[in-house]
Amino acid sequence: GHEASVTSGDFTPDGRWALSASADGSLRVWAPRTGVGKHVFRFHNVGDDPAGLTCMAVNGGTDGQLVVVGAEDGQAHICHVGTKKVVASVRHSDLPPSSSQQMAAQSMQEEDEEEEQEEGSAISVEAVGFCPQNPNWLATGGVDGVLKIWDLANGAQCRQTCQLSDTKEGITRLQWHPKFPFCFTASTSGVVRLWDARNGCLLTSLTGHVDVINDLSICYAEEQGNRAFIATASAAKTVRLFELDIPATLKATQA
């Protein structure tokens, strides 16, 4: 059913539906037992062509039925699988001043098209995730290197912006801590960071990679989540395993 590459997929927490997001700009809902498509979400875009979807996360909202997708045009869209409605759309990154006019133009020269593609890639949302502690909190991470925390219970308002003032590196992946309101991010510079979503403060940085981190996975040695093991895979053909003592990190930050 998709008309371009599928960029991400997942099941709803209850296992009832399978979800797929695509570069064609659509999010599709499938019946996994039969493979029949049940619904298609399509999202507004400034230009004629829909913005491709890059990432997806499930298990949002108090009923676990919210799904969020990030898009190449700097937006993230939140949908309710049960009601088949788009709950909200948030803009992680603003379009460049001239970009909207370029995207709406009927005819453009080849050099203008190339410039538009560069601008689009500079605002793309590359990572999204719902907070397990508070499923109405949503995190978005972009090529702009910014991590934003949104409160869906408060009209999808941005509650915190987490970023470094001295770098332009992009965020490739994010993952929430299961017990604390903390969010891990992986970057194009090869650094893993841990942020406090309550105040936007950087808690720690984990270094060692020399190239883009393509993916990360985190597990915890204790039920409380005090010791984290972070596995990262880099474009430099290396995998690293970090061990992080969360309480010790918090004490060092407060000191």
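Bear in mind that the values here come from a model prediction, so they are computed numbers and not experimental data.

Conventions used here
Residues numbered from 1 in each chain as written. Predicted model: local features only at pLDDT ≥ 70, side-chain atom pairs only at ≥ 80, totals over all residues. Heavy atoms only, no water. Phe/Tyr/Trp six-rings, centres within 6.5 Å; stacked < 30°, edge-to-face > 60°. Lys NZ or Arg CZ within 6 Å of the ring centre and 35° of its normal. Pairing = 2+ DSSP bridges. Helix = DSSP H or I, 4+ residues; strand = E, 2+ residues; numbered from the N terminus. Axes fitted to C-alpha atoms, helices over the stretch in contact; angles between N-to-C directions. Core = buried A, V, L, I, M, F, W, Y, C linked by side-chain atoms within 4.5 Å. Buried < 20%, exposed > 50% of the residue type's maximum accessible area, 1.4 Å probe, protein only. Contact = heavy atoms within 4.5 Å.

*Asks:* Explain the packing of aromatic side chains to me, please; I cannot follow it from the model alone.
*Replies:* Each pair of aromatic rings is reported with the distance of its centres and the angle of its planes. The full count for this structure, using the stated rule, is one aromatic pair. The ring of tryptophan 17 carries the charged tip of lysine 84 above its face, separated from the ring centre by 5.7 Å.

*Asks:* What's the story with the sheet that holds strand β2 (residues 18–22) in this structure? I'm lost.
*Replies:* Consider a sheet: its strands pair through backbone hydrogen bonds, and that pairing is either parallel or antiparallel. Strand order in the open sheet formed by four strands is β1-β2-β3-β4, with antiparallel pairing between adjacent strands. Edge positions in the sheet fall to β1 (6–11) and β4 (36–42), since each of these pairs with one other strand and no more. Each strand of the sheet is rotated relative to its neighbour by a mean of 20 degrees, with strand direction disregarded. Strand direction decides the pairing type here: β2 and strand β3 (residues 26–31), joined by four bridges, are antiparallel. Each bridged residue has a counterpart across the sheet, and for alanine 18 the counterpart in β3 is tryptophan 30.

*Asks:* Even after reading the chapter, I still don't get the nonpolar core, so can you show me in this structure?
*Replies:* Most often, soluble globular proteins keep nonpolar side chains buried together rather than apart. Membership of the largest hydrophobic core comes to 17 residues, with the highest contact counts inside it found for Leu19, Leu27, Phe43, Leu53, Val67 and Val69. Apart from residues lying up to four places away in sequence, leucine 19 is in contact with Ser8, Gly9, Asp10, Thr12, Leu27, Arg28, Val29, Met56, Val58, Val67 and Val81.

*Asks:* Which parts of the structure should I look at to understand unusual backbone geometry?
*Replies:* Backbone phi values are negative for most residues with the exception of glycine, while trans is the configuration of most peptide bonds. The backbone of alanine 156 sits at a positive phi, close to 55 degrees, despite the residue not being glycine. A positive phi angle, close to 65 degrees, is found at lysine 237, a residue other than glycine. Structurally, lysine 237 is set in the loop between β18 (227–234) and β19 (239–245).

*Asks:* What is the right way to read the sheet that holds strand β10 (residues 137–142) from this model?
*Replies:* Here four strands make up an open sheet; going across it, the order is β9-β10-β11-β12 and the pairing antiparallel. Looking along the sheet, the strands with just one partner apiece sit at the ends: β9 (125–130) and β12 (157–162). Across the sheet, the mean angle from the axis of one strand to that of its neighbour is 20 degrees, orientation sign disregarded. Across five bridges, the pairing between strand β11 (residues 147–151) and β12 is antiparallel. Residue aspartate 151 lies in a different strand from β12, and its bridge partner there is glutamine 157.

*Asks:* Honestly, the pairing of β11 in this entry has me stumped. Any pointers?
*Replies:* Each regular strand shows side chains that alternate between the opposite faces of the sheet. Counting buried positions over the five residues of β11 gives five, a clear majority of the element. Of the two faces of β11, the one holding Leu147, Ile149 and Asp151 and the one holding Lys148 and Trp150 are both buried throughout. Looking at chain direction, β10 and β11 are connected through five bridges and run antiparallel. Within β11, the residue paired with alanine 139 across the bridge is isoleucine 149. Taking the residues between adjacent antiparallel strands as the criterion, β11 and β12 are bridged by five residues, where glycine 155 takes a positive phi near 75 degrees.

Worth remembering: the numbers are spatial, not functional.
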